[in-house]
Amino acid sequence: MFPELKNDLILRAARGDSTERVPVWVMRQAGRYLPEFQAVRAKHEFFEVCRTPELACEVTLQPIRRFNLDAAIIFSDILVVPQAMGLTVQMLPGTGPTFQEPLLVPSDLGRLNSKTDVNQTLGYVFEAITLTRHKLEGKCPLIGFSGAPWTLMSYMIEGGGSTTMSKAKKWLYCYPDDSHKLLQMLTDVIVQFLVGQVLAGAQLLQLFESHAGILGPGTFSRFALPYIRQISTRVKEDLVQRAVKPVPMVS
């Protein structure tokens with residue numbers, strides 16, 4: 001059992017209920033602007049923090065101790081999903097996320113483990129969520145999250161950040177069937193990942209389609225939106241089948 005929740009403002013807002021004020025949480029609220037976060041990072045590599053439940057919990061709680069926020073968001077990264085599927089990702093100083101061997105051609109899809117057991121490959125996230133729920137002592141809800149399929153696909157092909165995502169967009173036009181295959185592979189893993197986060201204690205889910213703005217209306221409707229809708233539907237259905245009440249999901 002988790003401690004009783006004392007502030008459900010953001011959950012009510014996410015459900016569409018009327019609220020007495022707008023709930024507040026901040027993108028990257030656990031991050032570089034905090035000296036206590038810098039102290040942790042001085043001793044530990046970025047993904048080491050993500051993979052160590054005690055460290056991820058501590059970093060998640062740091063902004064909650066400083067500010068009167070209406071939600072905590074578990075410290076992790078959207079690229080843990082490609083890692084769980086077999087790709088190597090590093091967070092390089094001054095560069096950001098970097099894939100050692102990005103996907104170059106459709107045959108590279110054979111390098112991916114689309115049947116990964118998220119309890120094994122991403123269990124550290126679930127452990128961090130459960131630990132953090134207890135440490136929060138009900139002060140505010142805990143948000144779990146994942147990157148959305150198109151955003152993850154674009155990173156996996158580009159090999160890192162890009163202002164145009166031209167390599168990934170080229171896949172959509174040159175290899176549409178393989179693009180859909182990759183997007184479906186990612187969707188299947190993301191569904192399992194988000195369900196696991198709710199079972200671990202996440203009270204709200206955020207799906208980050210960070211690169212949606214790179215696509216035009218047509219390509220977004222064809223290559224992004226169907227998978228977002230599928231994730232929303234399947235996560236809810238899976239939780240209901242487990243007799244677990246679905247949590248709000250936002251994107």
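What you see is a predicted model, and the numbers here were worked out from it, not measured in a lab.

Rules and cut-offs
- Residues numbered from 1 in each chain as written.
- Predicted model: local features only at pLDDT ≥ 70, side-chain atom pairs only at ≥ 80, totals over all residues.
- Heavy atoms only, no water.
- Helix = DSSP H or I, 4+ residues; strand = E, 2+ residues; numbered from the N terminus.
- Buried < 20%, exposed > 50% of the residue type's maximum accessible area, 1.4 Å probe, protein only.
- Contact = heavy atoms within 4.5 Å.
- Lys, Arg positive; Asp, Glu negative; His and termini not counted.
- Charge placed at Lys NZ, Arg CZ, Asp CG, Glu CD.
- Axes fitted to C-alpha atoms, helices over the stretch in contact; angles between N-to-C directions.
- Parallel < 35°, antiparallel > 145°, perpendicular 65-115°, else oblique.
- Left-handed = near helix turned anticlockwise from the far one by under 90°.
- Nonpolar A, V, L, I, M, F, W, Y, C, P; charged D, E, K, R; others polar.
- Salt bridge = Lys/Arg side-chain N within 4 Å of Asp/Glu carboxyl O.
- Phe/Tyr/Trp six-rings, centres within 6.5 Å; stacked < 30°, edge-to-face > 60°.
- Lys NZ or Arg CZ within 6 Å of the ring centre and 35° of its normal.
- Pairing = 2+ DSSP bridges.

A. Seen up close, the overall build of the chain. The secondary structure content of the chain amounts to 12 helices and six strands. Taking the principal axes of its C-alpha atoms as reference, the chain extends roughly 50 × 40 × 35 Å. Taking all 251 residues of the chain together, 51% fall into the buried category. Taking contacts inside the chain between residues at least 6 apart in sequence as the whole, the part at least 24 apart equals 75%. Across the chain, the 26 positively charged side chains and the 23 negatively charged ones have centroids separated by 3 Å.

B. Examining the packing of helix α8 (residues 149-158) against helix α9 (residues 166-174) more closely. Relative to each other, α8 and α9 sit at 110 degrees, their axes nearing to 8 Å. When the axes of α8 and α9 are compared, the pair comes out roughly perpendicular. When you trace α8 past α9, the crossing you get is right-handed. Here W150, M153, S154, I157 and E158 of α8 come into contact with α9, specifically with S166, K167, A168, K169, W171 and L172. Its residues placed into classes, the contact of α8 with α9 shows six nonpolar, two polar and three charged.

C. Highlighting the pattern of salt bridges. A complete count under the given rule lists nine salt bridges for this structure. When the shortest N-O distance is used, the salt bridge between D8 and R12 registers 2.9 Å. Note on D8: relative accessible area 30%, which makes it partly exposed. Among the residues examined, R12 registers a relative accessible area of 19% and is labelled buried. For R21, the salt bridge is made with D70, and the minimal N-O distance between the two is 2.8 Å. Pair noted here: R21 is in the loop between α1 (9-14) and α2 (35-43) and D70 is in the loop between α4 (53-66) and β1 (72-73), with a separation of 49 residues, a long-range link. Each of D8, R12 and E20 takes part in salt bridges that share partners, so that together they form one network.

D. Here's a closer look at the packing of aromatic side chains. Per the counting criterion, the structure on display carries seven aromatic pairs. Centre to centre, the rings of F37 and F75 are 5.6 Å apart; their planes meet at 55 degrees, and the pair counts as tilted. Pair noted here: F37 is in helix α2 and F75 is in the loop between β1 and α5 (80-84), with a separation of 38 residues, a long-range link. The exposure class assigned to F37 is buried, which follows from its relative accessible area of 4%. Ring geometry for F126 versus F193: centroids 6.0 Å apart, planes at 40 degrees, classification tilted. Residue F126 is found in helix α7 (residues 123-136), and its partner F193 is found in helix α10 (residues 176-200); the two are separated by 67 residues along the sequence. Note on accessibility: F126 and F193 belong to one class, buried. Joined through ring pairs, the aromatic side chains of F37, F46, F47 and F75 make up one cluster. Cation over ring: R133 sits above F2, and NZ or CZ is 4.0 Å from the ring centre.

E. Layout of the sheet that holds strand β5 (residues 204-208). Ordered in space as β1-β4-β5-β6, the four strands form an open sheet in which the pairing is parallel. The open sheet is flanked by β1 and β6 (249-250), the only strands paired with a single partner. The sheet contact formed by β5 and β6 spans two bridges and is parallel. Paired with Q206 across the two strands is V250, which belongs to β6.

F. Seen up close, the pairing of β5. With five of five residues buried, β5 is to be regarded as a mostly interior element. The pairing of strand β4 (residues 142-147) with β5 spans five bridges and is classified as parallel. Within β5, the residue paired with G144 across the bridge is L205.

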